[in-house]
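Architecture at a glance
Spelled out, the chains give:
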Amino acid sequence: MRHLIISILCITTSLFSYAMTFNEILHHVASNNPSLAVSIAQGDADIISMKSENNLPDPEIGFEHKWGKEGTKWGVGVSQGFEWPGIYSSRKKAIDNASLAIEWLNKANYLEKLVEIKLLLIDIINIRKQLTLVKQLDQQMDSLISKYEKGKSLGEVSILDINKLNIEKISLSRQIKSLNNQYLVLESNLLKENGGNDISPILASLNNYPDEVILSEDKYEQLLKEYDPQIKQYSLMAKTQELNAQSAKLSKLPGFSLGYKLENELGNYFNGFSIGFSIPLFSKKHKVEAIAATQKAINLQNNAFEIERMTQLKVQRSNAIALYQEMLYYKPILENHDNINLLKKALDGGQISLITYIQEVNFFLEAQQNYIDVEYRYFQALASLNRYTLLEK
């Protein structure tokens with residue numbers, strides 16, 4: 001996980017020399033995100049802590065002093081305890097496997113943050129699209145007001161027509177103000193996610209939604225099994241419990257200690273060694289059974305989670321398809337025809353009245369906003385649906 005973040009950092013340092021793609025922006029922001037840095041540091045600390053548990057016990061040093069009528073005697077000794085050979089290597093395998101599980105936990109945090117940032121970028125694009133639409137109408141309304149004011153001075157336009165336009169102008173200005181406020185909040189959130197670094201180059205490049213499509217159910221099932229961090233973590237945790245069970249079986253065998261002793265008795269020195277055995281009759285009781293029960297529970301959790309997650313993906317995929325089809329209904333009507341300008345030409349040519357023009361403009365404005373909203377919700381759905389593609393190499 002750390003290597004992945006470092007690679008992203010190296011790549012994104014040169015990105016600002018040209019317009020970044022959506023995915024480049026996404027990974028750049030993730031590389032600057034402070035909460036991800038904290039998560040990685042905590043994961044590293046957890047791994048080091050686990051590895052520290054697989055050490056030899058500390059050596060013991062003892063000293064004794066005795067006295068009596070015949071004189072004094074004293075002794076000093078040092079001993080080192082050992083568990084049964086094979087336990088340390090077995091425990092190391094379990095720790096290495098648990099370390100991989102922690103790395104996948106980091107990847108889970110990384111993936112969730114990527115999706116969170118991606119949705120934020122999609123929010124920004126959506127607000128920009130809405131602002132562009134309403135500002136275009138606002139500019140056209142300014143043009144009409146200016147034109148009608150001249151007509152009023154010549155007695156060709158009534159004050160009622162001017163008032164209608166001004167009321168419509170107020171409505172558009174209110175929408176622009178609301179959208180600008182929403183945009184400022186999104187900018188603030190992006191600044192936070194980017195670690196407080198300059199976001200102007202990011203905003204300059206953030207023009208279009210990500211280039212992605214709906215995949216097949218088989219592809220989503222493959223991505224789920226290959227890249228879902230929770231499934232990977234469950235699998236590694238189950239394997240860790242299996243390795244822990246092997247260590248627990250070995251820990252039922254006796255441990256031993258070796259020591260050296262030096263004694264002085266009435267001026268005479270004695271050298272020797274000591275051997276001790278510990279027989280775990282009670283301390284390891286039921287430990288293997290407990291580990292086996294934990295492993296079974298983890299496997300059951302994994303199976304249940306995989307079924308639940310795949311069901312969610314199917315529902316999300318169906319929802320995304322419905323949104324895409326709805327988007328296709330709007331697209332040829334709203335993207336291939338400049339309906340607002342056509343209405344203005346009809347108004348200028350006297351084919352429709354001002355009130356009809358305003359009604360029709362509001363109708364097409366609502367339709368265009370509905371289309372923008374459907375497109376927005378479609379890419380929101382894809383952000384969640386295609387989350388595992390963010391981990392593909």
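Description of the structure in this document. (Residues numbered from 1 in each chain as written. Predicted model: local features only at pLDDT ≥ 70, side-chain atom pairs only at ≥ 80, totals over all residues. Heavy atoms only, no water.)

With respect to the nonpolar core
The cut-off we apply is this: Only buried residues count toward a nonpolar core. Its members are Ala, Val, Leu, Ile, Met, Phe, Trp, Tyr and Cys residues joined through side-chain atoms within 4.5 Å. Each residue's exposure class comes from its accessible area (1.4 Å probe, protein chains only) as a fraction of the maximum for that residue type: buried when under 20%, exposed when over 50%, partly exposed otherwise. For helices the rule is a DSSP run of H or I covering at least 4 residues; for strands it is a run of E covering at least 2, with both sets numbered from the N terminus onward. The contact rule is simple, with two residues in contact once any of their heavy atoms fall within 4.5 Å.
If you look at the biggest cluster of nonpolar residues, it comprises 73 residues, and the most contacted ones within it are Leu121, Leu165, Leu190 and Tyr357. Every element with two or more residues in this core is listed here: helix H2 (22–32), helix H4 (87–153), helix H5 (159–193), helix H6 (200–205), helix H7 (217–227), helix H9 (287–334), helix H10 (339–348) and helix H11 (354–385). The biggest single contributor to this core is H4, with 19 residues. Setting aside chain neighbours within four positions, we find Leu190 in contact with Val29, Leu120, Leu121, Ile124, Ile199, Ile202 and Leu203. Core analysis: the next-biggest nonpolar cluster, separate from the first, contains five residues, Met50, Ile95, Ala98 and Ile102 among them.

Section: the pattern of salt bridges
Quick reminder of the rule: The salt bridge criterion pairs a side-chain nitrogen of Lys or Arg with a carboxyl oxygen of Asp or Glu, the two atoms within 4 Å.
Under the criterion given, the structure shown has 11 salt bridges. The residue Glu265 makes a salt bridge to Lys73 at a minimum N-O spacing of 4.0 Å. Taken as a pair, Glu265 in strand S3 (residues 255–265) and Lys73 in strand S2 (residues 71–82) lie far apart in primary sequence, 192 residues in all. Among the residues examined, Glu265 registers a relative accessible area of 33% and is labelled partly exposed. Take Lys73: its relative accessible area is 33%, and that puts it in the partly exposed class.

Remarks on the packing of H10 against H11
To characterise two packed helices, one gives the angle between the axes of the helices and the distance between these axes. To be explicit about the condition: Only the contacting stretch of a helix is used when fitting its axis, a line to C-alpha atoms as for every element, and angles between N-to-C directions run 0 to 180 degrees. Small angles under 35 degrees read as roughly parallel and large ones over 145 as roughly antiparallel, with 65 to 115 read as roughly perpendicular and the rest as oblique.
H11 packs onto H10 with a crossing angle of 175 degrees between their chain directions and a minimal axis gap of 10 Å. With respect to H11, the axis of H10 lies roughly antiparallel. In this structure, H10 contributes Asn339, Ile340, Leu343, Lys344 and Leu347 to the contact, and H11 contributes Leu354, Tyr357, Glu360, Val361 and Phe364.

Points about the packing of aromatic side chains
To keep it simple, the criterion reads: Any two rings among Phe, Tyr and Trp, with Trp reduced to its six-membered ring, count as a pair given centres within 6.5 Å; such a pair is stacked if its planes are under 30 degrees apart, edge-to-face if over 60, and tilted if neither. As a reminder, the over-ring test applies to NZ of lysine and CZ of arginine, requiring each to be within 6 Å of the ring centre and within 35 degrees of the ring normal.
If you walk through the whole model with that rule in mind, you get six aromatic pairs. Ring centres 6.1 Å apart and planes at 75 degrees place the aromatic pair Trp74 and Tyr269 in the edge-to-face group. One end of the pair, Trp74, is in strand S2; the other, Tyr269, is in strand S4 (residues 268–278), and 195 residues separate them in sequence. Between Tyr378 and Phe379, the aromatic rings sit 5.0 Å apart at their centres with planes inclined by 75 degrees, giving edge-to-face as the arrangement. An aromatic cluster is built from Tyr209, Tyr324, Tyr378 and Phe379, whose rings are joined through pairwise contacts. The ring centre of Trp104 lies 4.2 Å from the NZ or CZ of Lys107, which sits over that ring.

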